[in-house]
Every structure is written in C-alpha cells, then in structure tokens.
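Secondary and tertiary structure notes
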Amino acid sequence: MEDRKIVVSGIRATGGLHLGNYFGAVKNWVDLQAQYDCYFFVADWHALTTDYGDPSALVGNSLEVVADCIAAGLDPERSVIFLQSFVPAHAELYLLFSMFTPLGWLERVPTYKEQIRQIGNKDLATFGFLGYPVLQAADILIYRGDMVPVGEDQASHLELSREIARRFNSYYGKTLPEPQALFTPAAKVPGLDGRKMSKSYGNTINIADSPDEIRRKCTSMFTDPQRVRRDDPGHPETCNLYEFHRLLSPPELQERVARECRLAQIGCVEDKALIADQIIAFLEPMRQRREEVMRDPGALLEMLRQGSARANERAELTMQKVRAAMKLDYERFVESKAT
Ligand code: TRP
C-alpha cells in the first residue's frame, strides 16, 4: 500500500536469537507488522565489524537468526525479510555517507568506547568498527524509513542516522527523511551474570536452547549480592533473577515469589528452578517452529532471496535519488551534452 509508513530494523547476526533480542526487538517487530510496511533484515556485515578475524560462523548464524525470527512470529508474507549483504546498495550508500561524516561524530558515539572497553579479546580499533553507525544509517535511510524500532541502547546510533540525513540534505538538497526511533519498552533483559544480555558477554539464554540447557544456565544465574545466606531476606526489586519473573511469570507467581523472597521463605536455588520452568514453557512453541524451519534451509534461503529482491527495489529507487542529488548521474550529464 502506498501511504503506509515505512518501518526499518535490523539485527546483528552474531548467533541465534536470545531472550534479550526477543524482548528488546523482535517481539516489537512482530506487532508492528500489522500496521506498517516493514523491512526487517539480518545485519550480517555489522557482525563482521567485530567478528572479522573468524567469519566462519557468519552464514550459519545469519540463517539461524532468520529462522528464530520466523519462529518468533515474523511473517515473510507481510514483511520484507532479508539479508543486508544481499542488498549491496547498503554498501554504496555507506560509502557515500562516509565522505561527509565527521570523525568526531563517530568517536563520540557512546557505544563505541564502551564496546572497545567491554570486548577485550578483539581488536576493535578498526575503520569498520568506527564506521558501524554509518552503515546503520545507510541501512535505514536507503529505505527512506519513517520509524526504527530499537532498544534504548541504539539511541545514539539513531541520532547519528538523523544527523547524517540532515547533513546529506543540507549539502545536496532534501532527499532523505529523518527517521524516528521507536523505543521498545522493557528493552533491557539481564544476562546470566547480571549485565545486559548479549552474545558478546556470553551470558544469554537462546530460543534454540534445550530445556536441559536452560535449567543448567538458570542454575548459574547471578542473584541478589546482598543475600549471602539462605536465611538472609532478599531484595526482588533489585535482583537480577526477579527481572525474569517480571518478563515471563503470571502476576500471582510474581507476587508470591517477591513476598517469600523478602521473608527468606524461598531461596535463590528454588527460585532459579521456577524461572527455568517459566522460560522453558515460554520458549517451547518457538523452539518447535524453529526446528521445522531449520529442516529446510534451502527454502529459507529462497525466502531470503525473494525478500532481498523486494528490498532491492526500494533501495535502488533511493539510490537513484541519491546519485541525482549528489550529481553523480552520468546518464543525465551525457544527455545534456548530446543536443
Ligand atoms: N546496531 C543494531 C543492534 O545492534 C543492529 C542494526 C544494524 C540496526 N542496522 C540497523 C537496527 C538498522 C536498526 C536499524 O541492535
């Protein structure tokens, strides 16, 4: 349909989806499909900014993410679902943006320094990693996206996309709309260690995890540091573990656990078992759907090819406008001379 707003969002392909991705992004995407023209993609090139040293898992990871997204409710009939690297125009726009994006803007992005600090085992002092948000701006602006559903952690990247659109428009004339961020509530899911759940921290629970694996992982969860012994009263309001009840448990269970935890009637070990039950029950239908999808990787790839072809149509339209605005239109030049 013509005048529906365009929603664009991507997810990094660093492994199968985990609960943090689901609650931070994908759940919201699923709901947005009803109202908007949605372009959802796996940012496989973005994964390379950190995993360039060993890209051997990239393709497998990307397909897994897609399977997980479909298991979670993304629908290729309603949304354009594709791979970033299947639409090379993202790279072309990224290159053009790189010409006028000041280094200072990139060095100031808070995630830049933070990630370099947090991810100690990889050399991130690279051109590609510094350019991460420029590629993200290209991902969004190439579809002339109106709205970008993301977690709060992406706020600075979104702001940079808007700044790049403004700078483009001020140099070359109004071409690219400024995208709005659509922040997802409850975006922060804690990981097993209490930090934000993230593949790079190795603290995730994945959609693909078996019930046994989930139980094992829950046993290792970080809990209330002020509750040293079993008979110390707990603090559900600040406990990492309790966050999972907030996300997944029915209200009665939430209340009971909070009450019994404060009174030291339930211990962390028991509580971890309760959490594991909730997570397992919640993920079971997705895990089954995912297995079905993964049984036919050829069909999955074909679906991505079709989605990427649709994405490419809109991307090409934008690139024509961009090349014309930047006076990179050779056809027009030649025509103007041929009289
Ligand atoms: N940087 C985003 C993340 O880590 C992923 C991403 C890449 C993205 N390109 C995007 C999100 C474009 C929204 C729009 O979650």
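Rules and cut-offs
Residues numbered from 1 in each chain as written. Predicted model: local features only at pLDDT ≥ 70, side-chain atom pairs only at ≥ 80, totals over all residues. Heavy atoms only, no water. 1 Å grid on protein atoms, 1.4 Å probe; cavity = no way out; pocket = protein on both sides within 12 Å on 5 of 7 lines; lining within 4 Å. Points joined across faces, edges and corners; volume = space filled by probe spheres on them. Helix = DSSP H or I, 4+ residues; strand = E, 2+ residues; numbered from the N terminus. Nonpolar A, V, L, I, M, F, W, Y, C, P; charged D, E, K, R; others polar. Buried < 20%, exposed > 50% of the residue type's maximum accessible area, 1.4 Å probe, protein only. Contact = heavy atoms within 4.5 Å.

**Some remarks on empty space enclosed by the protein**
The full count for this structure, using the stated rule, is 2 cavities of 30 Å³ or more. Taken as a whole, the largest cavity spans an internal volume of roughly 70 Å³. Lining the largest cavity are D224, R227, P236, C239, L241, Y242, V257, C261, I266, G267, C268 and D271. Taken together, the elements giving at least two residues each to the lining of the largest cavity come down to α11 (240–248), α12 (251–262) and α13 (268–294). Taken together, the residues of the lining of the largest cavity break down into 8 nonpolar, 1 polar and 3 charged. Estimated volume of the second largest cavity: approximately 40 Å³. In terms of lining residues, the second largest cavity is bounded by I11, W29, F40, F41, V42, V66, C69, L74, I81 and F82. Broken down by secondary-structure element, the contributors of at least two residues to the lining of the second largest cavity are β2 (37–43), α3 (58–72) and β3 (80–83). Sort the elements by how many residues they give to the lining of the second largest cavity and β2 lands first, with 3 residues.

**With respect to the environment of V322**
Within the secondary structure, V322 is located in helix α14 (residues 297–325). Judged by its relative accessible area of 0%, V322 falls in the buried class. In this structure the C-alpha to C-alpha distance between V322 and N169, which are 153 residues apart in sequence, comes to 10.0 Å. For V322, the contacting residues outside a window of four places in its chain are L93, L96, F168, T175 and L176.

Nothing here speaks to function; it is geometry throughout.
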